[in-house]
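Structure assessment
One letter stands for each residue in the lines below.
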Amino acid sequence: MELTILGLSFLGLLVLGVPVAFAIGLSSVATILYAGLPTAVVFQKMVGGMQVFSFLAIPFFIFAGELMLYGGIADRIVRFANSLVGHVRGGLGMSNVVGCTLFGGVAGSPLADVSAMGSVMIPLMKKEGYHADYAVNVTTHAALVGALMPTSHNIIIFTLATTGIASVSILGLIVACLIPALILTICNLGAAYWVAVRRGYPTRGDFAGWHEVARAFAAALPGLLVILIILGGILSGVFTATESAATAVLWALIVTSLVYRTLTWKDFLKACAKACKTTGVVLLLIGISAAFGYFMALYEVPQKTGALMASVTQEPWLIFLMVNVLLFLLGTFLDMAATILICTPIFLPICVQYGMHPAQFGVMMLINCALGLNTPPVGTTQFVGCAIGGVSVGQVMRTIWPFYGALIVCLMLVTYVPAFSMWLPQLVLK
């Protein structure tokens, strides 16, 4: 009965439109009141869930991304992407994919990626004769690569959600995400090119030459170096993941204020305010989800879910498919951080039981949650992209399938071919 109250109250509050964090908290309180346990348990679990030193990396990564967002790096990345692939058919779409991927590596946030790159690329694409739905779909799907990049705070959230379940290091998951991020970018490029050819979008002149590519790359390089600083610093042992996040903030300040000189005092305050707001939301979710996770462990939700799936089939590939479908459905209603925190304790033990490595599951989870960011009714990145493009969500959804297909191809490769996510960690982290 306690488990029924926990599940039904949570789903009921979501249907009523209650914010996810409050829905989790209220359902936990309702469960504990029915069970007759002291209500202090909820607050103890909340506080304990947030008092983790590694969580310091989350506000640092978020702040670094906001500084880059307001610091003018997007324009330089757009110039570099245009010089590289802007001459092919549907060149602006291809440039958009490359630009969003690069900026996603800097910001580590799909939403920040759509906000920054979308405000530049979507109006430019419309001006050049591209349809608004195409411009929005290219931008929102390419931005999802940011969830797999080294600066993504969702990587840290996942590794901490695995505490007590499996051993997944932050560095291990960062490295595991690199090849899938490249595959997702290639899939997005393929989808953008295929739609451009079908719609007859033009080319944009001849290739400007490698000299122009080198100049554009040199202009964007100071901002892009944050990725190498994080990876190089952690791999070499110079600093930990938490220290790398603080270093990313320092580098972002140096680049935007001293190198590019585009970060004004007003924009700096905006970046601080936005980072504080986002950090508060994420930490609130983490704390409340810790209480929610306590009840799921207490009432053996992972074991019962695994037994239910096992009663349907014993085939690992079908189990993984069911997990993907459930993650996708939940991701359409929950934010990415909430999905990771709630679903990891349930589905990770099941997938590990059937032979999936925890880091591989992490990459699968991140891609699946990213897919949910582009799917209503939540679909935050899609709503932002549609607002910038001045087009309705319904119109975008009617032509989204090639881009959905690209994401699903990447998701299936990561799910069923372990080498795509595990080869590089096994090579580098011996």
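These numbers were taken from a predicted model, which means no experiment stands behind them. (Residues numbered from 1 in each chain as written. Predicted model: local features only at pLDDT ≥ 70, side-chain atom pairs only at ≥ 80, totals over all residues. Heavy atoms only, no water.)

With respect to the UniProt feature "transmembrane region" (unreviewed entry) in the protein chain
This is how it is decided: UniProt positions are given in the numbering used here, feature names are shortened, and annotations may be inferred rather than shown by experiment. Runs of E in the DSSP output that reach at least two residues are strands. Runs of H or I that reach at least four are helices, and both are numbered from the N terminus.
Those residues carrying the UniProt feature "transmembrane region" (unreviewed entry) are residues 47–70, 134–158, 170–195, 216–239, 245–263, 275–297, 317–348 and 403–424 in this numbering. Secondary structure content for residues 134–158 is 64% helix and 0% strand, and the end C-alpha separation is 32 Å. Measuring from the first to the last C-alpha atom of residues 170–195 gives 37 Å, for a span that is 100% helix and 0% strand.

With respect to the packing of aromatic side chains
For the record, the criterion: Under the pairing criterion, centres of Phe, Tyr and Trp rings, with the six-membered ring standing for Trp, must be within 6.5 Å; the plane angle then separates stacked pairs below 30 degrees from edge-to-face pairs above 60, leaving the rest tilted. Sitting over a ring, as applied to charges here, requires NZ of Lys or CZ of Arg to be within 6 Å of the ring centre and within 35 degrees of the ring normal.
Summed over the entire model, instances satisfying the criterion amount to nine aromatic pairs. Measuring from ring centre to ring centre gives 5.4 Å for Trp265 and Phe268, while their planes differ by 25°; the resulting arrangement is stacked. Of this pair, Trp265 and Phe268 both sit in helix H13 (residues 265–298), three residues apart, roughly one helical turn. An aromatic cluster of three or more residues is present, and its members are Tyr130, Tyr134, Tyr201 and Phe403. For Arg76, the ring lying beneath its charged end belongs to Tyr260, and the centroid distance is 3.9 Å.

Some details on the packing of helix H5 (residues 73–85) against helix H7 (residues 110–127)
In plain terms, the rule: Only the stretch in contact is used when fitting a helix axis, every axis being a line fitted to C-alpha atoms; angles between N-to-C directions are given from 0 to 180 degrees. Small angles under 35 degrees read as roughly parallel and large ones over 145 as roughly antiparallel, with 65 to 115 read as roughly perpendicular and the rest as oblique. Helix crossings get a hand from a simple test, with the near helix turned counterclockwise from the far one by less than a right angle marking a left-handed crossing and a clockwise turn marking a right-handed one. Between two residues, a contact is recorded if the distance between any of their heavy atoms is within 4.5 Å.
In the contact formed by H5 and H7, the axes pass within 9 Å of each other and the chain directions differ by 55°. Put simply, H5 runs oblique to H7. Once H5 is placed against H7, the crossing between them reads as right-handed. Judged by residue contacts, Ala74, Asp75, Ile77 and Val78 of H5 engage Ala116, Met117, Val120 and Met121 from H7.

Describing helix H15 (residues 316–331)
Counted only if it meets this: Expected span, for any helix, means 1.5 Å times one less than how many residues it has. Remark: exposure states derive from per-residue accessible area (1.4 Å probe, protein chains only) relative to the maximum for the residue type, with buried under 20%, exposed over 50%, and partly exposed in between. Arc definition: it is the arc formed by the directions from the helix axis to the C-beta atoms.
Taking 1.5 Å of rise per residue, the 16 residues of H15 would be expected to cover 22 Å, and the 22 Å separating its terminal C-alpha atoms lies within 8% of that figure. Taken as a whole, H15 has its buried residues at Ile319, Phe320, Val323, Asn324, Leu327 and Gly331. With its buried residues spanning 140° around the axis, H15 presents them on a single face.

Looking at the environment of Ala220
In this fold, Ala220 is placed in helix H11 (residues 210–236). For Ala220, a relative accessible area of 0% translates into the label buried. Sequence separation of Ala220 and Pro110 is 110 residues, and the distance between their C-alpha atoms is 19 Å. If we skip the residues at most four places from it in the chain, Ala220 touches Ile73, Arg76, Ile77, Phe80 and Tyr260.

What about the side chain of Ser109?
The line we're drawing: Contacts described as polar in this section are N or O atom pairs within 3.5 Å, which, within protein, must combine one atom able to donate a hydrogen with one able to accept it, while residues neighboring in sequence count only if both atoms come from side chains.
Examined against the element boundaries, Ser109 turns out to sit in the loop between helix H6 (91–107) and H7. Among the polar contacts made by the side chain of Ser109, one reaches the main-chain amide nitrogen of Ala112 at a distance of 3.3 Å. Contact partners of Ser109, with chain neighbours within four places excluded, come to Gly104 and Gly146.

Some thoughts on the pattern of salt bridges
Put simply, the test is: By definition, a salt bridge exists where a carboxyl oxygen of Asp or Glu is found within 4 Å of a side-chain nitrogen of Lys or Arg.
Per the stated rule, a full pass over the model turns up three salt bridges. Where Glu212 meets Arg79, a salt bridge forms, and the shortest distance between an N and an O atom there is 3.4 Å. Within this pair, whereas Glu212 is found in helix H11, its partner Arg79 is found in helix H5, the two being separated by 133 residues in sequence. On the basis of relative accessible area, Glu212 is assigned to the partly exposed category, the value being 23%. By relative accessible area, which is 36% here, Arg79 ends up partly exposed. Between Arg215 and Glu212 there is a salt bridge, and its shortest N-O distance comes to 3.9 Å. With Arg215 and Glu212 both in helix H11, this residue pair falls three residues apart, about one helical turn. Arg215 gets classed as partly exposed once you look at its relative accessible area, which sits at 46%. Overlapping salt bridges, with partners in common, bring together Arg79, Glu212 and Arg215 in one network.

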